[in-house]
Amino acid sequence: MRHLFLLAPALLASACAMQGLRPGVTAEEVVSKLGPPAVELRDPDGTRHLVYPSGPFGLHTHMVHVGGDDRLKSVEQVLDDTRFNAISKGMTADELVRLIGPPWQRVYFGNLRQTAWDYRFRDSWGYVAVLSVMVDDAGLVASRVTQRIERDNRR
């Protein structure tokens, strides 16, 4: 039950950020309501994906999908276990951004010749955690690791 209580604020914040966005509204309406996206990705068929991270200390990244007709198709929160499990060694940095958006911070490790792309999120148990995806100098995913930064202190 405690975990459900912890998830409520995150779900409420996520819902508020996308409040009033319904399939069929124009991309212009989306941008006027949410502001310019952090990243805009385009597909060959004209589909656009507008990426809205919730900021350096936020726990959500919303991907707004706009069809070739310039109408909103769907909105999804992309920092979740399903997407994280799709991250694999050898994936390109571009594929990573298309999957979960840009990181909130990047830290370069010269000895490894890799950059940690860090994503803050709320894990499936309701704890705040950081996913670090290691991207090598060639722009390929080398590894990933998740660490909770909020602990259960009841023990």
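In this text, all values refer to a predicted model and were calculated from it rather than measured experimentally.

A.B. asks: What am I meant to see in the overall build of the chain here?
C.D. replies: From N to C terminus, the chain includes four helices and eight strands. Sequence-ordered secondary structure for the chain, helices as α and strands as β, is α-α-β-β-β-β-α-α-β-β-β-β. Within the chain, the proportion of its 155 residues that are buried is 41%. Contacts in the chain between residues far apart in sequence, at least 24 positions, make up 35% of those at least 6 positions apart. Entry remark: accessible area of the chain is about 9,100 Å², with carbon and sulfur atoms responsible for 54%.

A.B. asks: Quick question: what am I supposed to make of the nonpolar core here?
C.D. replies: When a protein is soluble and globular, its nonpolar side chains tend to lie buried together. With 21 residues, the main nonpolar core has Ile87, Leu96, Ile100, Trp117, Tyr119, Leu131 and Val133 as its most contacted residues. Broken down by secondary-structure element, the contributors of at least two residues to this core are α4 (93–100), β6 (114–122) and β7 (128–136). Here this core gets five residues from one element, more than from any other, and that element is α4. Not counting chain neighbours up to four residues away, the residues in contact with Leu96 comprise Ile87, Met91, Gly101, Trp117, Tyr119, Val133, Val135 and Val141. By size, the runner-up hydrophobic cluster in this structure holds nine residues, among which are Leu21, Val25, Val30 and Leu72.

A.B. asks: Is there a simple way to explain the pairing of β7 in this structure?
C.D. replies: Regular strands place side chains that alternate from one sheet face to the opposite one. Burial runs high along β7: eight of the nine residues are buried. Examined bridge by bridge, β6 and β7 share nine bridges and lie antiparallel to one another. Its bridge partner being in β7, Arg122 is matched across the sheet by Val128. Counting the residues that bridge the hairpin from β6 to β7 gives five residues, and of these Gly126 lies at a positive phi of roughly 95 degrees. Judged from the seven bridges that link them, β7 and strand β8 (residues 141–148) form a sheet pairing that is antiparallel.

A.B. asks: Looking at this structure, how should I read the sheet that holds β7?
C.D. replies: Strands belonging to one sheet form pairs held by backbone hydrogen bonds; the direction of such a pair is parallel or antiparallel. Pairing within the open sheet is antiparallel, and its four strands lie in the order β5-β6-β7-β8. Of all strands in the sheet, those bounded by a partner on one side alone are β5 (105–109) and β8. Along the sheet, successive strands turn relative to each other by an average axial angle of 25 degrees, direction set aside. Packed onto the sheet, α4 meets β6, β7 and β8 and runs at close to 5 degrees relative to β6.

Here is what the cut-offs are and how they apply
- Residues numbered from 1 in each chain as written.
- Predicted model: local features only at pLDDT ≥ 70, side-chain atom pairs only at ≥ 80, totals over all residues.
- Heavy atoms only, no water.
- Helix = DSSP H or I, 4+ residues; strand = E, 2+ residues; numbered from the N terminus.
- Buried < 20%, exposed > 50% of the residue type's maximum accessible area, 1.4 Å probe, protein only.
- Contact = heavy atoms within 4.5 Å.
- Areas by Shrake-Rupley, 256 points an atom, 1.4 Å probe, with all protein chains shown as cover.
- Core = buried A, V, L, I, M, F, W, Y, C linked by side-chain atoms within 4.5 Å.
- Pairing = 2+ DSSP bridges.
- Axes fitted to C-alpha atoms, helices over the stretch in contact; angles between N-to-C directions.

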